Amino acid sequence: MTYSLADAFSFLRPEDEVLSEEEKARTGAYRFGTLLGAALILLFGTVQEQANPAAFDPIAARLAISGGLVGLFLASHVSSWLRHRYVVGIWVIFYLHVGWVALLAIANQFDGDYSIELVFAQAALGIAVGLGARSVRPVLWFFGYGALLAAGGLFFTSDPEVSPLVVIGGIVVVALIEIISLEGRLSIQDDRSRWRERSMKNAQLNQKIVEISARFVDVSSDRLGREIEKALGTVGSFVEADRSYVFLYDGNPEEDSLEETTVSNTHEWCKEGIQPQKENLQNIPCSQVPWWTRQMQKKEPLVIPSVSGLPEAASAEQKMLESQGIESLVVLPMTREGKLIGFVGFDSVQSTPDWTEQTVTLLQVLGDTIASALRRGKVEKRLRQTRDYYRQVLDQLPVELAIFDSDGRIEYVNPNGIGDPEVREWARGRTNEEYCRRRGLGASLGRRRDEAIQVAAEEKRTVRFGEMIADETTEAEKGRLYYRRVLEPLFGPEGKVMSVVGCGLDITERVRSQKELKRAKKEAEQARREAEEASRAKSAFLANMSHEIRTPLTSVIGFAETLGEDTSQASRFAPLIERSGKRLLNTLNGVLNLSKLQAGQMQLAEEPVDVTGQARRAVEEHAPQAESSGVDLSTELPNTSVWAEADEGGVQIALQNLISNAIKYSEGGAARVRVREENGRQERGGQDSQVVLEVEDTGIGMRPEVAERLFEPFRQASEGLGREYEGSGVGLAVTKKAVEKMGGSIEVETEKGEGSRFILRLPSAERGEKRGKREA
């Protein structure tokens, strides 16, 4: 690989993406002028030294100026800051150099050689200034500066060798020549720039019209109106119009009378801030705009540079245009098969575009394109009407009907098959698998359908199959739909399968009826089992109630009869009568409390309750019962009161039932009552606290499956007349109901032969309510 010298110093000429093309050109010209100026300065110094050795002309100064110019040239390749200011910087150096030459001329008494150098420097550097100038002003300033220096130097020179008129006149003549040349060059540049801009703009407009024509080829008649308005907006914005539109004639303005022919604004685009006029320009009789109609009948573009300049014959049109605020406009007639059908117009309201001949020609192409698109849309509309007529026959069939090509893609489906028109249009050309994926019906369902269509097409036979689909718009059970599908191949003239017709029969109601019958049988069986369970529960309840009521009642009657015969036994039988009466009362109270709770007739208050005190009181009341049963009844209570948001009577019901059961099932064992306050997780900015009440015993316990039914009414660990423990089986049911009405909960932990632990949780009372309760 070889490298040139230019490659080695390529870092000195980086590309500057910030500078415009014009700035780059100016900078490049001045870079060249910088090197040329450095060479000329040295050349003039050498010539002056040879021609006039005795003159004052320090060569070191010329070397410094030339070196500075070369350094500026090199630095501009590496400094972006300097590149942006190169033109102005070089102008400053030109001014300084002219000043230096003027000083040399003064020092040498305006010797002929130095006078020539001053005039030459003005001429050469003036040309350089003109290269980068966009007007004659910088050149005027530069020559004025040089003339002023020359005049001042001549004034202070006592005996100039060259006539002042020659020096000043030379500078003035050179200035006039350069200014005239610069004016001509700038005028030519402006003309070329405008011509180039117009050519480029027309080329871009032509490209846009070509793109619009290409879009019109594929656009459907349904979207044609939107595409025309989009095209009007694209072209209208580009040609700097404020409004563009399409008018169509109703009738033939060339053959029919103007009174019978109307014209209407069918499509419109308006620039932002421009008031639309489409609604106001409907069904305008051509007799109201006769001049305009005659102009359109010529079938030539109509360019109106100024509405105010319209002829007197167009007074009606002028008034109409001025009412819309239109300043100028261009109108292009539209024809179809040589007949005038309408026109395309571009209005100017806020500005006055330059309607050049090339622009008008291109706009006429747009008008012809829109006319062709409208004609094609009209033909398509007629074809669609004919096609829709025959399609309605298929659409009205009371079955799901679809037509597939031999590859299984949907060609047509009626509304019974797909109800949503958008989905129906989307499904055209797609497989059943794609359709099922979109509807969320499962790809496997679609694949089965596609496979069945392939079988019908390849084997040329009728295919029948059933399927179940889920309608995602309803609940899963109700949304299951059942169908019987039939696929029939359609043959072409040569016996080849051209399409496959599919029909679907909804058999959902029949299937649902069968399922309803099965479900009714199942529900009847469930009802039978529940009735048997209820009968068994009733038998257990009657047995319990019979035992719990008859046993104490028999004892009371027997002891009463004994007392009637022998009053000396009163002290012995009185406690037994009392015990049997209390047992009977407890049974009745339990049943009545349960009934009230279930009926919602027992009202439980919500107030602070000292659970610690209630537990201590209940234990004291049951102490005799525990002692007589040999049960060690104890408590684990906090030193301070624990307050719950509950009902005092409800808490006593729960304690009485739980402690009584613990004593009853723990003969010879132990029972313990605990109370504590338990803080839950932080919720809504406060502590969710609970009061926990536990009653634990070391009794018989029970199996977990039995424990699940403990809180049902009339349930016990042992049931029937031969059960080991007395009781009606409503205590825990009453306890659970009462706790739940107080906003609490109850649960049990038990193991057969190990004992049981009942855990009761109640909402904790607020501190203020606790304090109020204690004060009360």
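Quick caveat: nothing in here was measured; it's all calculated off a predicted structure.

## Topic: the overall build of the protein
Of the regular secondary structure elements, the protein holds 22 helices and 18 strands. Evaluated residue by residue, the protein yields a buried proportion of 40% over its 776 residues. Expressed as a percentage of contacts within the protein between residues at least 6 apart in sequence, the contacts between residues at least 24 apart total 63%. A total accessible area of about 43,800 Å² is found for the protein, and carbon and sulfur atoms account for 54% of it.

## So, the confidence of the model for the protein
Confidence in the prediction for the protein averages 75 pLDDT; 75% of positions are at 70 or higher. The model gives residues 1-17 a pLDDT under 50, and that stretch makes 13 contacts with residues more than four places away or in other chains. Across residues 681-687, confidence stays below pLDDT 50; counting only partners more than four residues off in sequence or on other chains, it has six contacts.

## Overview of the pairing of strand S2 (residues 262-270)
Most of S2 is tucked away, with seven of its nine residues classed as buried. Where strand S1 (residues 243-250) meets S2, eight bridges bridge the pair, whose relative direction is antiparallel. The residue bridging Ser244 from the neighbouring strand is Trp269, located in S2. Examined bridge by bridge, S2 and strand S3 (residues 284-285) share two bridges and lie antiparallel to one another. Note on S3: the bridge partner recorded for Val263 is Ile284.

## Points about unusual backbone geometry
Among all residues except glycine, the phi angle is most often negative; among peptide bonds, the trans geometry is most common. Of note in this structure, Asn283 is not a glycine but carries a positive phi near 55°. Structurally, Asn283 can be placed in the loop between S2 and S3. By relative accessible area, Asn283 is classed as exposed at 52%. A positive phi angle, near 60°, is found at Lys299, a position not held by glycine. For Lys299, the location among the structural elements is in the loop between helix H10 (290-297) and strand S4 (302-304). With a relative accessible area of 32%, Lys299 lands in the partly exposed category.

## Topic: the packing of helix H14 (residues 432-439) against helix H15 (residues 443-459)
Look at H14 against H15: their axes get within 7 Å of each other, and the N-to-C directions meet at 160°. Between H14 and H15, the crossing angle belongs to the class labelled roughly antiparallel. Crossing hand, H14 versus H15: right-handed. Contact residues: H14 offers Asn432, Glu433, Tyr435, Cys436 and Arg437, while H15 offers Ala443, Leu445, Gly446, Arg447, Arg449, Asp450 and Ile453. In the contact of H14 with H15, the residues fall into five nonpolar, two polar and five charged.

## Observations regarding empty space enclosed by the protein
Enumeration according to the criterion identifies one cavity of 30 Å³ or more in this entry. Quantified by volume, the largest cavity comes out at close to 240 Å³. Along its surface, the largest cavity is lined by 17 residues, and Phe247, Trp292, Met320, Leu321 and Phe343 are the ones closest to its centre. Going through the elements one at a time, S1, H10, helix H11 (315-323) and strand S6 (339-348) are the ones with two or more residues in the lining of the largest cavity. Sorting elements by how many residues they give to the lining of the largest cavity places S1 first, with four residues. Residues belonging to the lining of the largest cavity are distributed by class as follows: twelve nonpolar, two polar and three charged.

## A closer look at the nonpolar core
Counting 38 residues, the largest nonpolar core has Ile659 and Leu762 as the members making the most contacts within it. Secondary-structure elements contributing two or more residues to this core are helix H18 (611-628), strand S14 (643-646), helix H19 (648-664), strand S15 (670-683), strand S16 (686-697), helix H21 (731-741) and strand S18 (755-763). Here this core takes seven residues from H19, the largest share from any one element. Excluding residues that lie within four positions of it along the chain, Leu762 makes contacts with Ala644, Ala646, Val651, Gln690, Val691, Val739, Met742 and Gly744. Grouped together as the second largest cluster of nonpolar side chains are 35 residues, Phe73, Ile90, Leu125 and Val136 included.

## Details of the packing of aromatic side chains
Counted under the stated rule, the structure contains four aromatic pairs. Centroid distance Tyr245 to Phe247: 5.4 Å. Interplanar angle 90°. Geometry classified as edge-to-face. For Tyr245, a relative accessible area of 6% puts it in the buried group. For Phe247, a relative accessible area of 7% puts it in the buried group. Between Phe247 and Phe343 the ring centres are 5.0 Å apart and the planes differ by 15°, which places this aromatic pair in the stacked class. With Phe247 in strand S1 and Phe343 in strand S6, the pair connects residues that are 96 residues apart, well separated along the chain. Phe343 carries the same exposure label as Phe247, and that label is buried.

Cut-offs and rules
Residues numbered from 1 in each chain as written. Predicted model: local features only at pLDDT ≥ 70, side-chain atom pairs only at ≥ 80, totals over all residues. Heavy atoms only, no water. Helix = DSSP H or I, 4+ residues; strand = E, 2+ residues; numbered from the N terminus. Buried < 20%, exposed > 50% of the residue type's maximum accessible area, 1.4 Å probe, protein only. Contact = heavy atoms within 4.5 Å. Areas by Shrake-Rupley, 256 points an atom, 1.4 Å probe, with all protein chains shown as cover. pLDDT = per-residue confidence, 0-100. Pairing = 2+ DSSP bridges. Axes fitted to C-alpha atoms, helices over the stretch in contact; angles between N-to-C directions. Parallel < 35°, antiparallel > 145°, perpendicular 65-115°, else oblique. Left-handed = near helix turned anticlockwise from the far one by under 90°. Nonpolar A, V, L, I, M, F, W, Y, C, P; charged D, E, K, R; others polar. 1 Å grid on protein atoms, 1.4 Å probe; cavity = no way out; pocket = protein on both sides within 12 Å on 5 of 7 lines; lining within 4 Å. Points joined across faces, edges and corners; volume = space filled by probe spheres on them. Core = buried A, V, L, I, M, F, W, Y, C linked by side-chain atoms within 4.5 Å. Phe/Tyr/Trp six-rings, centres within 6.5 Å; stacked < 30°, edge-to-face > 60°.

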